[in-house]
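Results of the structural survey
Now for the letters of each chain:
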Amino acid sequence: ERIQRATVYVMQTQNIGGRPIITCLGSGTIVHRIGLIATNAHFTVPNSDCPGDNLVIALNTRPGETPIPTYYAEIAEADVGLDLALLRITQEMSGRVIEPNSLSLPSVTLGDSSKVNLDDTIIVMGYPDVNNSSVTSYRGTVRGFIAEPSGGERSWIKTDATIPGTMTGG
């Protein structure tokens, strides 16, 4: 339940005619109670496929229910090459600025990939589609590892778990 509550729905939006239009979607995970979210860069960093100018964070308030848009976030750090982004919640949907360290959100601790082995069970959690779904999990097996040229023997974990498009970043 803690992991479900720390899983967020991330919507990149673009203001067109004074109305926010969703340009890209994905999932993310709150990794620090003050509103730091680990996710992917490909749908949060503005680009030709995702030309948005705002990031809306929707929270799962009750397991089994759809996420509710609650906050705006900004990109704290991003590496497009590694497809990783760290977001920071900055405002409520009303526009009220959130003071640093004032939030106490459910969060998870980042894992240590050196402790993951072949044939371990892995669970992928996120929002599987754009149809107001709730947090969903898929179970799979660790099938291998991929190293990045920039360093690290286990930069990526290969799995047979299903990962639908909008679960990216979860």
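Heads up: the structure comes first, above all this text.
Small disclaimer: the values here were computed from a predicted structure and weren't measured. (Residues numbered from 1 in each chain as written. Predicted model: local features only at pLDDT ≥ 70, side-chain atom pairs only at ≥ 80, totals over all residues. Heavy atoms only, no water.)

Quick look at the environment of Gln14
Just so we agree on the cut-off: In DSSP terms, a helix is any run of H or I states spanning at least four residues, a strand is any run of E spanning at least two, and both are numbered starting from the N terminus. Contact criterion: two residues are considered in contact whenever any of their non-hydrogen atoms come within 4.5 Å of each other.
Relative to the assigned elements, Gln14 resides in strand β1 (residues 7-16). Residue contacts for Gln14: discarding those within four places in its chain leaves Arg19, Pro20, Ile21, Thr23, Pro51, Gly52 and Asp53.

Concerning the pairing of β1
Operational definition: Exposed residues in this analysis have more than 50% of their type's maximum accessible area, buried residues have under 20%, and partly exposed residues fall in between, with area computed by a 1.4 Å probe over protein chains only. Strands qualify as paired when DSSP identifies two bridges or more between them.
Counting buried positions along β1 gives seven out of 10 residues, so the element sits mostly inside the fold. The sheet contact formed by β1 and strand β2 (residues 19-32) spans 10 bridges and is antiparallel. Looking at β2, one finds that Gln12 is bridged to Cys24. Hairpin connection between β1 and β2: a loop of two residues separates the two successive antiparallel strands, and Gly17 in this loop has a positive phi of roughly 65°. Across five bridges, β1 lies against strand β4 (residues 54-59) in antiparallel orientation. What sits directly across from Met11, in β4, is Val56.

Thoughts on the pattern of salt bridges
What counts here: Any Lys or Arg side-chain nitrogen found within 4 Å of a carboxyl oxygen on Asp or Glu counts as a salt bridge.
In the structure shown here, the tally under the stated rule is four salt bridges. Taking the shortest distance from any N to any O, the salt bridge between Glu92 and Arg96 comes out at 2.7 Å. Linking Arg143 and Asp160 is a salt bridge whose minimum nitrogen-to-oxygen distance equals 3.0 Å. Of the two residues, Arg143 sits in strand β8 (residues 136-148) while Asp160 sits in the segment after β9 (151-159), which places them 17 residues apart along the sequence. Look at Arg143 and you get partly exposed, because its relative accessible area is 48%. Taken together, the shared-partner salt bridges connect Asp119, Arg143 and Asp160 into one network.

Note that every value here comes from positions in space, so none of it alone points to a role or purpose.
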